[in-house]
Number of protein chains: 2
Amino acid sequence: MDWNEKYSDMARRLSSSALAELFQLTERPDVISFAGGFPSEDMYLIPEVVEVAREVFHRRGATVLGYGPTPGFSEFREFIAQRQSLLGMKASPDNILVTTGSLQGLDLLGRLFLNPGEVVIVEAPTYLGALTTLAAFDVRLEAVPVDDQGLDVDQLEERLQQLRRRGRPARVLYTIPTFQNPSGLCLSHDRRIRLLELASRYDLIIFEDNAYGELRFEGEELPTLKALDEEGRVVHLGTFSKIFSPGVRLGWLHADAGVIERAVLIKQGVDQCSSSLSQLLCLEFGRRGLLERQIEITRQILRAKATATLRALAEAFPPTTQWTEPQGGFYTWVTLPPNVDTQEALPRCIREARVAYVPGNQFYTDGRGHNQLRLCYSQPSLEEIGDGVRRLGQLLAALPG
Amino acid sequence: MDWNEKYSDMARRLSSSALAELFQLTERPDVISFAGGFPSEDMYLIPEVVEVAREVFHRRGATVLGYGPTPGFSEFREFIAQRQSLLGMKASPDNILVTTGSLQGLDLLGRLFLNPGEVVIVEAPTYLGALTTLAAFDVRLEAVPVDDQGLDVDQLEERLQQLRRRGRPARVLYTIPTFQNPSGLCLSHDRRIRLLELASRYDLIIFEDNAYGELRFEGEELPTLKALDEEGRVVHLGTFSKIFSPGVRLGWLHADAGVIERAVLIKQGVDQCSSSLSQLLCLEFGRRGLLERQIEITRQILRAKATATLRALAEAFPPTTQWTEPQGGFYTWVTLPPNVDTQEALPRCIREARVAYVPGNQFYTDGRGHNQLRLCYSQPSLEEIGDGVRRLGQLLAALPG
């Protein structure tokens, strides 16, 4: 039977993404991986999780193994709403939907708001997982550049005007305003205000991805877009992947109660409910104050690793190389001399330097970024960071100019 | 901001399904619920799960909390492939994709194979969760009746002919051939052979949902469609929800390796990977032989509960009522005299008789089944079954004729 002729139009459009291969690279023990955006082992509180798991089974019994309600356990939604409120985003449990990771949140939002052909604005560069998720909706992605203050709001305004003039107004903006993936940078406070004004003027819905927002290790806190959002245009995507565990697959949507209600209807047909075990584990972990403890530990580790990464870059990379200086999150974004093609160089980097990263072009919609790369410093040890960046720098410096 | 004008065409079509309300009904402690298709507490092996969880964290450490590969851990895919092979369905790990529950499997298949407007054949009645999932793809559902031998293959052939003649050939058949939801019945062996012949003649893809297949408590085993499938037309959907725990959200797809590869690409954008914690827990539970022990216990409990249910129906229900006699699974399907409207009667049944069920019309695409209902006997205790069926029968018998 020939399956190729059976696929849907959407499935035919798919091409293999870099993400899957990343996972395979990181499985080779002699490779130092700056590729996947994973927490490192020393950020987890494993003995505490084991104790919490024991307690949760003891107290909740069969509830842990049974189905939960589609929107999430009400206690857990309450817990998330309280955390959001503490972070300046007023919320009641009705504003919260528990998702199976924040990527599911984005998928649900796509189903909720996107018709084929519609215009979605993304940052250039942006999170490649989001590009994969959005591609499934057959929308037209318009990329607006980020600079060291985050998304370039002047260029955004120009693009919004153009699009409106052409009769194809943008419907949604997907943004990671804080410790952006892959740039590591933040949208400045002034631009946050300006972005919300533009959203209002051009009737944009904002999907705010806040995966790294709580992981600041330097500088002053910035309010989220959701915290500044007076009109209720911002749908906020949160995740426990970077502050508790990606392996439990838990995130949340924070939005208008009516939007949440409709997202629940979609989730019923998508995976019915998120894991009860994961939810009750994370809830009890949080109630014991362990989320805050893990966040504090993670920040300290990230601070040390970011410092080591930037120092090693300065020592080992070709002199005209530029990189961003993150104040939080997992990433620095490296721009090499134009003769370097990071996608082409990757197999050699892995084979000869035994170092992995994600090539820059993966984060653009149009193949730009050939001389850029993302370094994720969260997972390797301090020693590996020094060695890995050095080996990578030597190999890249030796490439023909 | 008016969100109603913002929704996608798909999201506008959604209407609230019965599933969500079911969860709420079952939360009232004085209501005996025959509604949701849940395992009962005494089917779970909680102390064993706790011990397995402890061991898994001890042996695997941070792997339990980290991201897993999108297709599932290779050891777990191997484990599932071996189980499938033991059940007569030859499989290698390449044929298996771990899903976040089997409903996600169906959602992935929809994305993989269904374009808007295409024809999908379903059974009448069929699993309401599948109807919700399929509805999202804007396909045309054609329902073919089941009788006491399962799907009526003669009517199926007629319908396939008609559809082909009209130039709208059916593309997919979604079927639950064993202990069907909601009828509780099985497709006979002869009809299984005939169904596969028809699929070949009419170039149909079969989605085989086998959620209850391992839960036979009476009669002889039947081969799955996948086991009989010589052309490789059957995509098989499995789940750990009824044999281990629905709360861990784990199912699998078993299909041609090329189909699995493409489903993996879709899953990357949907939830990236299924829970590592759930996978490693279930794997270790299975390796210790505990899945087999839980299945054996579940069968014994279901046998007793089905017997009690059928006995109580005979004693307490109006004399012209009919019901199915399942040899496995969770359900009996009840047909009342035509004057009874089970949807209309449900609020009174809950309020006055304090008994919940799912009204028949929820399982049809066209509102039929007004005098039918599904009784799920898996969750209430034997005593509750007796009381609940009696109270329900009395109330229904007293309805105006």
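Once a new chain begins, its residue numbering starts again from 1 and follows that chain's sequence as written. To label them, take the chains in the order written and letter them from A, then take the ligands in the order written and number them from 1. Per-residue local features of the predicted model are confined to residues with pLDDT of at least 70, and side-chain atom pairs are confined, for both listing and counting, to 80 or more; whole-chain, interface and lining totals are unaffected and use all residues. In computing side-chain values, all of the structure's heavy atoms are included and hydrogens and water are not.

Caption draft 1: Up close: the overall build of chain A. Helix and strand labels come from DSSP, where a helix needs a run of H or I of at least four residues and a strand needs a run of E of at least two; each type is numbered from the N terminus. A count of helical and extended segments in chain A gives 14 helices and 14 strands. At 21 Å, chain A has a C-alpha radius of gyration in line with the 21 Å of a compact globule built from 401 residues. Over its C-alpha atoms, taken along the principal directions, chain A stretches across nearly 60 × 60 × 60 Å. Relative accessibility under 20% of the residue-type maximum defines a buried residue, over 50% an exposed one, and the middle range a partly exposed one, all with a 1.4 Å probe and only protein chains included. By residue count, 66% of the 401 residues in chain A fall in the buried class. Pairs of residues are marked as contacts when any of their non-hydrogen atoms sit within 4.5 Å. When contacts within chain A are restricted to residue pairs at least 6 apart in sequence, those whose partners lie at least 24 apart make up 75%. Element-wise, carbon and sulfur atoms account for 46% of the exposed surface of chain A, whose accessible area totals about 14,200 Å². Computation of the radius of gyration draws on C-alpha atoms alone. For the globule rule, the value is 2.2 Å times the number of residues to the power 0.38. Each accessible area is a Shrake-Rupley result for a 1.4 Å probe, and residues are judged covered by the shown protein chains and nothing else.

Caption draft 2: The relation of the copies chain B and chain A, seen in detail. Expressed as a screw operation, the relation of chain B to chain A combines 0.0 Å of axial shift with a rotation of 180°, fitting to an RMSD of 0.0 Å. Look at the turn and shift together and you get a two-fold axis relating the two. Both copies share a contact surface, since 100% of the interface residues of chain B are interface residues in chain A too. We place the copies in one frame by least squares, fitting the C-alpha atoms of every residue whose pLDDT is at least 70 in both.

Caption draft 3: Representation of the confidence of the model for chain A in the model. pLDDT expresses how confident the predictor is about each individual residue, on a scale running from 0 to 100. The pLDDT averaged across chain A works out to 95; a share of 97% of its residues lies at or above 70. Under the prediction, the complex receives an ipTM of 0.96, its pTM being 0.96.

Caption draft 4: Main features of the side chain of Ser-245 of chain B. Tracing the sequence through the fold places Ser-245 of chain B in the loop between strand S8 (234-239) and strand S9 (251-254). Polar contact is defined as a pair of N or O atoms within 3.5 Å, subject to the rule that within protein one atom must be able to donate a hydrogen and the other to accept it, and that residues adjacent in sequence are counted only when both atoms are side-chain atoms. A distance of 2.7 Å separates a polar side-chain atom of Ser-245 of chain B from the backbone oxygen of Leu-65 of chain A.

Caption draft 5: Region of the structure containing the interface of chain B and chain A. Between chain B and chain A, the residue contacts involve 80 residues of the former and 80 residues of the latter. Here's the idea: put two parts together, see how much 1.4 Å probe accessible area each one loses, and the total over both is what we call buried area. Looking only at chain B, the three residues that lose the most surface to chain A are Trp-3, Leu-65 and Tyr-67 of chain B, adding up to 12% of its buried area. Salt bridges are counted wherever a side-chain nitrogen of Lys or Arg sits within 4 Å of a carboxyl oxygen of Asp or Glu. Where chain B meets chain A, there are four salt bridges. Measuring nitrogen to oxygen at the nearest pair gives 2.6 Å for the salt bridge that ties Lys-6 of chain A to Asp-203 of chain B.

Caption draft 6: Spotlight on the pattern of salt bridges. Overall, the coordinates contain 56 salt bridges over all chains when judged by the stated rule. In this structure, the salt-bridge partner of Asp-271 of chain A is Lys-267 of chain A, at a minimum N-O distance of 2.9 Å. By relative accessible area, which is 0% here, Asp-271 of chain A ends up buried. Its salt-bridge partner being Arg-288 of chain A, residue Glu-284 of chain A comes within 2.9 Å of it at the nearest N-O pair. Judged by its relative accessible area of 37%, Arg-288 of chain A falls in the partly exposed class. Through salt bridges with shared partners, a single ionic network connects Lys-6 of chain A together with Asp-203, Glu-231 and Arg-233 of chain B.

Caption draft 7: Structural context of the side chain of Ser-241 of chain A. With respect to the helices and strands, Ser-241 of chain A occurs in the loop between strand S8 (234-239) and strand S9 (251-254). Assessed through its relative accessible area of 3%, Ser-241 of chain A is described here as buried. Apart from the residues within four sequence positions on either side, Ser-241 of chain A is in contact with Pro-39, Pro-246, Arg-249 and Leu-250 of chain A together with Tyr-67 of chain B.

Caption draft 8: Summary view of the packing of aromatic side chains. In this scheme Phe, Tyr and Trp rings, the latter by its six-membered ring, pair at centre separations within 6.5 Å, and the angle between planes marks the pair as stacked below 30 degrees, edge-to-face above 60, and tilted otherwise. Scanning the entire structure with this criterion turns up 26 aromatic pairs over all chains. When the ring of Phe-76 of chain A is compared with that of Phe-79 of chain A, the centres are 6.3 Å apart and the planes differ by 10°; the resulting orientation is stacked. Taken together, the residues span about one helical turn, with Phe-76 of chain A and Phe-79 of chain A both in helix H4 (residues 74-86) at a distance of three residues. Across this residue pair, the class does not change: Phe-76 of chain A and Phe-79 of chain A are buried. Between the aromatic rings of Phe-113 of chain A and Tyr-7 of chain B, the centroid separation amounts to 5.6 Å while the plane-to-plane angle is 15°, which identifies the pairing as stacked. Pair noted here: Phe-113 of chain A is in helix H5 (residues 102-113) and Tyr-7 of chain B is in the segment before helix H1 (9-13), and the two residues belong to different chains. The exposure classification of Phe-113 of chain A matches that of Tyr-7 of chain B, with both residues buried. Aromatic rings pair up to connect Trp-3 and Tyr-7 of chain A together with Phe-113 and Phe-207 of chain B into one cluster. When the ring centre of Tyr-7 of chain B is taken as origin, the NZ or CZ atom of Arg-262 of chain A, which lies over that ring, is 4.9 Å away. Think of it as a cone above the ring: NZ of Lys or CZ of Arg counts as a charge over the ring if it is within 6 Å of the ring centre and within 35 degrees of the ring normal.

Caption draft 9: Quick look at unusual backbone geometry. All names here are of chain A. Here the residue pair Ala-124 and Pro-125 is connected by a cis peptide bond, since its omega of 5° sits within 30 degrees of zero. Looking at the secondary structure, you find Pro-125 in the loop between strand S3 (119-124) and helix H6 (128-135). A cis amide bond links Asn-181 to the next residue, Pro-182, at an omega of 15°. Here Pro-182 is to be found in the loop between strand S6 (170-175) and helix H8 (189-201). Phi angles above zero are rare outside glycine, and Gln-272 is one such case at about 70°. Relative to the elements of secondary structure, Gln-272 occurs in the loop between helix H10 (257-270) and helix H11 (276-287). Within the chain, Arg-354 stands out as a residue other than glycine whose phi angle is a positive 55°. As for its position among the elements, Arg-354 is in the loop between helix H13 (342-353) and strand S12 (355-356).

Caption draft 10: Broad picture of the environment of Ser-74 of chain B. With respect to the secondary-structure elements, Ser-74 of chain B resides in helix H4 (residues 74-86). For the pair Ser-74 of chain B and Arg-168 of chain B, spaced 94 residues apart in the sequence, the C-alpha separation amounts to 40 Å.

Caption draft 11: Representation of H4 of chain A. By this rule, a helix spans an expected 1.5 Å times one less than how many residues it contains. Over its 13 residues, H4 of chain A runs 18 Å from end to end, which matches the ideal 18 Å to within 8%, given 1.5 Å per residue. Those residues of H4 of chain A that are buried are in contact with strand S2 (96-99), S8, S9, H10, H11 and helix H12 (290-316) of chain A.

Caption draft 12: Looking closely at the packing of H13 of chain A against helix H14 (residues 382-397) of chain A. All names here are of chain A. Each axis is a line fitted through C-alpha atoms, taken for helices only over the stretch in contact, and angles between the N-to-C directions span 0 to 180 degrees. Packing of H13 against H14 leaves a shortest axis separation of 10 Å and a crossing angle of 130°. In terms of axis orientation, H13 runs oblique to H14. Crossing of H13 over H14 shows right-handed handedness. Between H13 and H14, the residues in contact are Ala-345, Arg-348, Cys-349, Glu-352 and Ala-353 and Arg-391, Leu-392, Leu-395 and Leu-396, respectively. Residues are grouped as follows: Ala, Val, Leu, Ile, Met, Phe, Trp, Tyr, Cys and Pro are nonpolar; Asp, Glu, Lys and Arg are charged; all remaining types, including Gly, are polar. When the residues that make up the contact of H13 with H14 are grouped by side-chain class, the tally is six nonpolar, no polar and three charged. Working rule for angles: under 35 degrees goes down as roughly parallel, over 145 as roughly antiparallel, 65 to 115 as roughly perpendicular, anything else as oblique. By definition, any crossing whose near helix is turned counterclockwise from its far helix by less than a right angle is left-handed, and any crossing with a clockwise turn is right-handed.

Caption draft 13: Highlighting the sheet that holds S8 of chain A. Residues and elements named next belong to chain A. One open sheet holds the eight strands; their spatial order is S2-S9-S8-S7-S6-S3-S4-S5, and the pairing between them is mixed. Edge positions in the open sheet fall to S2 and strand S5 (150-151), since each of these has one partner strand only. Set on the sheet, H6 makes contact with S3, strand S4 (140-147) and S6; between it and S3 the angle comes to about 165°. Note: two strands are recorded as paired if DSSP finds a minimum of 2 bridges between them.

Caption draft 14: Representation of the environment of Asp-387 of chain B in the model. Here Asp-387 of chain B is to be found in helix H14 (residues 382-397). Considered as a pair, Asp-387 of chain B and Ala-316 of chain B are 71 residues apart in the sequence and their alpha carbons are 9.9 Å apart.

Caption draft 15: Spatial organisation of the pairing of strand S7 (residues 205-209) of chain B. All names here are of chain B. With five of its five residues buried, S7 lies for the most part within the structure. Side chains of S7 alternate between two faces, with Ile-205, Phe-207 and Asp-209 and Ile-206 and Glu-208 buried alike. Bridge count between strand S6 (residues 170-175) and S7: four bridges; the pairing is parallel. Each residue of the ladder has a partner; that of Thr-175, found in S7, is Glu-208. Handedness of the crossover is the feature at issue here: the chain leaves S6, passes through helix H8 (residues 189-201), returns alongside S7, and the resulting connection is right-handed. Bridge count for S7 against S8 is four bridges, and the pairing is parallel. When the bridges of S8 are listed, Glu-208 appears paired with His-236. With the strands pointing away from the viewer, any crossover whose connection runs clockwise from the first strand over the helix to the second is right-handed.

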